[in-house]
Amino acid sequence: MYLFNSTVLVEPTNICNLKCVMCEARCTVEAGLHEAEYLMPNDFEMILSKLKGYISNVVFQGDCEPTLSPYLEDLVRIAKKYTEQIAIVTNGMALTPERTRSLVGSGINWFAISIDDYRAEVYNSKRKYADFNRLMTNLDYIIKLRNEKEHSLYIVTHKIVFPENTTDDLIHYIRYFYQEKGVNKITFAPLVCEGNIEDENWLIKRNLLENEMISQNVHINLKDFANYPYMVNYKYCGTNLFFISHEGNFAPCGLHTRDKKIFGNLITENLEDIVKKREFLEYHEYWHNRQFDKNAPNICENCYLLRSPYFKYCLDDSFESTNSIYENNN
């Protein structure tokens with residue numbers, strides 16, 4: 001049936017409070033609150049009950065800003081019935097001390113905060129309507145809460161690496177957030193624009209950066225590009241999980257929902273019916289049975305990850321497999 005323990009990535013809403021220069025998502029603050037839609041708690045309870053037995057952890061993220069959902073704490077409490085591992089990926093602007101305590105009290109134990117620079121003027125130029133100083137106040141409070149009370153909290157800062165970023169820029173970023181602020185982890189991801197990874201030499205730059213930090217006795221692992229805990233028995237393309245949109249649409253990753261490529265809808269359909277569909281079977285038969293001499297399944301067609309040399313590194317598979325997939329998608 002191709003069902004196994006996986007990360008459940010949940011999109012609580014379709015709106016955002018920022019407008020970022022690099023964002024290709026479906027949401028924007030300028031759409032207005034009258035366009036807002038939310039994943040409702042009763043629907044989420046139904047969805048997770050259908051996935052019961054296959055949930056490794058839950059991550060609230062999606063294309064948009066999860067903290068804008070007025071139902072987020074309710075969703076977190078529902079998720080906690082199924083797993084103790086609950087994360088949120090956020091721009092952090094709404095994480096006031098009160099909201100942070102509320103989310104932690106509901107069950108969040110992993111905060112991944114998107115912060116693109118350690119310099120206020122650069123950060124603010126990338127994220128319209130953002131305020132770097134307010135964000136640092138929010139981050140400092142989360143770190144203080146971890147240090148003084150909630151010792152199991154895990155805090156990640158995630159940076160989009162722009163082509164103009166130098167190695168020195170990244171070293172300063174690591175020093176500021178990892179060494180001075182004291183976050184648990186840093187993740188970097190190269191800028192993607194219309195399906196193209198802008199810095200073709202990113203992997204070389206990143207490996208040199210890691211070596212430089214080690215030479216300075218800072219042993220930091222920069223391999224991960226996902227800023228949330230990724231727990232799945234079968235990694236597939238490196239992004240395989242259970243993605244649930246605010247509408248209840250079910251897909252193997254968030255990239256597919258932008259093109260309306262989904263397996264089905266877990267609010268209106270039974271899981272038993274979805275797993276019998278051609279789209280679901282084709283996807284899993286390709287990846288699970290390693291049919292890499294064939295074209296990628298329809299739901300993965302035109303995926304920028306499969307067309308990029310960066311994908312070969314993310315796949316963690318054999319030389320023959322990674323090259324077969326890359327050649328069949330280019």
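Coordinates for the structure precede this section.
Calculation criteria
Residues numbered from 1 in each chain as written. Predicted model: local features only at pLDDT ≥ 70, side-chain atom pairs only at ≥ 80, totals over all residues. Heavy atoms only, no water. Helix = DSSP H or I, 4+ residues; strand = E, 2+ residues; numbered from the N terminus. Buried < 20%, exposed > 50% of the residue type's maximum accessible area, 1.4 Å probe, protein only. Contact = heavy atoms within 4.5 Å. Areas by Shrake-Rupley, 256 points an atom, 1.4 Å probe, with all protein chains shown as cover. Expected span 1.5 Å × (residues − 1). Arc of directions from axis to C-beta.

Turning our attention to the overall build of the chain. Scanning the chain for helices and strands turns up 13 helices and 13 strands. Along the longest, intermediate and shortest principal axes, the C-alpha atoms of the chain span 50 × 45 × 35 Å. Burial status across the chain gives 55% buried among its 330 residues. Within the chain, contacts between residues separated by at least 24 positions form 69% of all contacts whose residues are at least 6 apart in sequence. Split by element, the accessible area of the chain, about 14500 Å² in all, is 47% carbon and sulfur.

On to helix 7 (residues 202–215), then. A rise of 1.5 Å per residue sets the reference length of helix 7, with its 14 residues, at 20 Å; its end C-alpha atoms lie 20 Å apart and thus fit the reference within 8%. Of all the residues in helix 7, the buried ones are W202, K205, R206, L209, E210 and M213. In a view along the axis of helix 7, the buried residues occupy a sector of 135°, so they form one face of it. Opposite the buried face of helix 7, by more than 90 degrees, sit the exposed residues I204, L208 and S215. Looking at the residues trailing helix 7, positive phi occurs at N217, about 65°.

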